[in-house]
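Fold and geometry: a report
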Amino acid sequence: MPRTQSATLTEAELRIMQVLWEKGSATVQQVLEALPREKPLAYNSVLTIIRILEKKGCVRHVKDGR
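Presented here is a report on the structure given in the accompanying data block. (Residues numbered from 1 in each chain as written. Predicted model: local features only at pLDDT ≥ 70, side-chain atom pairs only at ≥ 80, totals over all residues. Heavy atoms only, no water.)

1. Re the overall build of the protein chain
We count it as follows: Strands are runs of DSSP state E lasting at least 2 residues, helices are runs of H or I lasting at least 4, and numbering of each runs from the N terminus. Radius of gyration: C-alpha atoms only; globule rule: 2.2 Å multiplied by the number of residues to the exponent 0.38. Summary of the burial criterion: residues with accessible area below 20% of their type's maximum are buried, those above 50% are exposed, and those between are partly exposed, where the area comes from a 1.4 Å probe applied to protein chains only. Only heavy atoms enter the contact rule, under which two residues are in contact if any of them lie within 4.5 Å. Every accessible area reported is derived by Shrake-Rupley at a probe size of 1.4 Å, with residue values counting cover from the shown protein chains alone. All tallies of charge rest on Lys and Arg as positive and Asp and Glu as negative; His and the ends of each chain are not included. Charge coordinates come from a single atom per side chain, which is NZ of Lys, CZ of Arg, CG of Asp or CD of Glu.
The number of helices and strands found in the protein chain is three helices and zero strands. Beginning at the N terminus, the succession of helices and strands in the protein chain can be written as α-α-α. Computed over its C-alpha atoms, the radius of gyration of the protein chain comes to 12 Å, within 12% of the 11 Å expected for a compact globule of 66 residues. Buried residues in the protein chain amount to 23% of all 66 residues. Long-range contacts, defined as pairs at least 24 residues apart, comprise 44% of the intrachain contacts of the protein chain with a sequence gap of at least 6. When the accessible surface of the protein chain is totalled, it reaches about 5400 Å², and 52% of it is carbon and sulfur. Between the averaged position of the 11 positive side-chain charges in the protein chain and that of its 7 negative side-chain charges there is a distance of 6 Å.

Listed below in C-alpha cells is the structure:
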C-alpha cells in the first residue's frame, strides 16, 4: 500500500523549496549545488523530491533538452 502524501512539506522538501525560492527556477543540478553541504543529498534524491513537490502543486517543470 503506497504511503499517503502529506499536505505539509517535509524537511527535505523545504530545503529544496528554499533554494527554488531564492533562484526562481533551476535545474536539478543547480538545486543540488545550492544545497548546504552539511546534509548532502544525491542527484536522484533531489529529482525525486522535486517530482513529489510537483505532484503537491508546489512547483512545475519545463522540459529542456532530451
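2. Let's talk about the nonpolar core
Applicable threshold: Among the buried residues, those of types Ala, Val, Leu, Ile, Met, Phe, Trp, Tyr and Cys that are joined through side-chain atoms within 4.5 Å form a nonpolar core.
Formed by 13 residues in total, the largest nonpolar core has its most connected members in Ile16, Val31, Val46 and Ile50. Residue assignment for this core shows that the elements contributing at least two residues are helix 1 (11-23), helix 2 (28-34) and helix 3 (43-55). In this structure Val46 touches Ile16, Val28, Val31, Leu32, Leu35 and Leu41, once residues within four positions along its chain are discounted.

3. Quick word on the layout of surface pockets
Test applied: Computed over the protein atoms alone on a 1 Å grid, cavities are sets of points where a 1.4 Å probe fits but cannot get out and pockets are open sets with protein on both sides within 12 Å along at least five of seven lines; a residue lines them when it has an atom within 4 Å of a point. Grid points are joined across faces, edges and corners, and a volume is the space filled by probe spheres set on the points. Each residue gets one of three labels, nonpolar for Ala, Val, Leu, Ile, Met, Phe, Trp, Tyr, Cys and Pro, charged for Asp, Glu, Lys and Arg, and polar for the others, Gly among them.
A volume near 740 Å³ is recorded for the largest pocket. In terms of lining residues, the largest pocket is bounded by 20 residues, among which Ala26, Thr27, Val28, His61 and Val62 are the most central. Those elements that place two or more of their residues in the lining of the largest pocket are helix 1, helix 2 and helix 3. Residues that form the lining of the largest pocket fall into these classes: ten nonpolar, five polar and five charged.

4. A closer look at helix 3
Since one α-helical turn is 3.6 residues long, residues separated by three or four positions face the same way. Just so we agree on the cut-off: By this rule the span expected of a helix is its residue count minus one, scaled by 1.5 Å.
With 13 residues, helix 3 should cover 18 Å at 1.5 Å per step; its first-to-last C-alpha distance of 19 Å lies within 8% of that length. Looking at the packing, one finds that the buried side of helix 3 touches helix 1 and helix 2. Following helix 3 by one or two positions, Gly57 has its phi on the positive side, about 85°.

5. Quick notes on the pattern of salt bridges
Put simply, the rule reads: Salt bridges are defined by distance alone: a side-chain nitrogen of Lys or Arg within 4 Å of a carboxyl oxygen of Asp or Glu.
Inspection of every chain in the model, using the stated rule, returns two salt bridges. A salt bridge links Glu11 to Lys39; its shortest N-O distance comes to 2.7 Å. With Glu11 in helix 1 and Lys39 in the loop between helix 2 and helix 3, the pair connects residues that are 28 residues apart, well separated along the chain. By relative accessible area, Glu11 is classed as partly exposed at 48%.

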